[in-house]
Amino acid sequence: AWTMLASGSHVEHGTLAARAGRLICPYAVHGDCASSPIDDAELARHTPASTFALHLRARERLREHDSLQASLVALFPDARQCGRCSLG
């Protein structure tokens, strides 16, 4: 599943989950920067409080999604979903 960011770009859910929803340098996407994800304290210092609150809420929703997904996999270990129509 793809997630659309406020910037209009799309990021694969697994990529966001691997970073725990933390933001990275835009140049890192293309391999031009090897810096680690931006620390929340640093992000908070450079963004309006309302924007930072949206970021924190998005990270919380990512954790909720991953928790639900793990629960469903545990309950239905042999379940499959159609890659074409998403039913199943």
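Conventions we followed
Residues numbered from 1 in each chain as written. Predicted model: local features only at pLDDT ≥ 70, side-chain atom pairs only at ≥ 80, totals over all residues. Heavy atoms only, no water. Helix = DSSP H or I, 4+ residues; strand = E, 2+ residues; numbered from the N terminus. Polar contact = N/O pair within 3.5 Å; in protein donor to acceptor, adjacent residues only side chain to side chain. Salt bridge = Lys/Arg side-chain N within 4 Å of Asp/Glu carboxyl O. Buried < 20%, exposed > 50% of the residue type's maximum accessible area, 1.4 Å probe, protein only. Disulfide = S-S within 2.5 Å. pLDDT = per-residue confidence, 0-100. Expected span 1.5 Å × (residues − 1).

### Notes on the side chain of His55
So, step 1. Along the chain, His55 falls in helix H3 (residues 49-75).
So, step 2. Within the structure, His55 has its side chain in polar contact with the side chain of Asp40 (distance 3.2 Å).

### Some points on the pattern of salt bridges
So, step 1. Under the definition given, this model contains four salt bridges.
So, step 2. The shortest N-O distance in the salt bridge between Asp40 and Arg59 comes to 2.4 Å. Of this pair, Asp40 sits in helix H2 (residues 40-46) while Arg59 sits in helix H3, and the two are 19 residues apart along the sequence.
So, step 3. With a closest N to O distance of 3.1 Å, Glu60 and Arg63 form a salt bridge. Separated by three residues within a single helix, Glu60 and Arg63 lie in helix H3, roughly one turn from each other.
So, step 4. The partly exposed category is assigned to Glu60, whose relative accessible area is 31%.
So, step 5. The partly exposed category is assigned to Arg63, whose relative accessible area is 44%.

### Section: the environment of Ser36
So, step 1. If you trace the backbone, Ser36 turns up in the loop between helix H1 (13-18) and H2.
So, step 2. For the pair formed by Ser36 and Leu23, sequence separation is 13 residues and the distance between their alpha carbons is 9.1 Å.

### Looking at the state of the cysteines
So, step 1. Inspection of every chain in the model, using the stated rule, returns zero disulfides.
So, step 2. Between Cys25, a free cysteine, and Cys33, which holds the nearest cysteine sulfur, the sulfur-to-sulfur gap is 3.8 Å.

### Section: the environment of Asp40
So, step 1. A relative accessible area of 22% means that Asp40 is categorised as partly exposed.
So, step 2. Taking the C-alpha atoms as reference points, Asp40 and Arg22, separated by 18 residues in sequence, lie 7.7 Å from one another.
So, step 3. There is a polar contact of 2.4 Å between the side chain of Asp40 and the side chain of Arg59.

### Quick word on the confidence of the model for the chain
So, step 1. For the chain, the average pLDDT comes to 78, and 78% of its residues sit at 70 or higher.
So, step 2. Model confidence for the chain, summarised as mean pLDDT per element, is weakest for strand S1 (residues 2-4) at 44 and strongest for H2 at 90.

### Digging into H3
So, step 1. Relative to the 39 Å expected for 27 residues at 1.5 Å per residue, H3 spans 39 Å between its end C-alpha atoms, a close match to the ideal helical length.
So, step 2. Taken residue by residue, H3 has Phe52, His55, Arg59 and Leu62 as its buried positions.

### Thoughts on the environment of Asp39
So, step 1. Mapped onto the elements, Asp39 comes out in the loop between H1 and H2.
So, step 2. Here the alpha-carbon distance between Asp39 and Ile24, two residues 15 residues apart in the chain, equals 9.3 Å.

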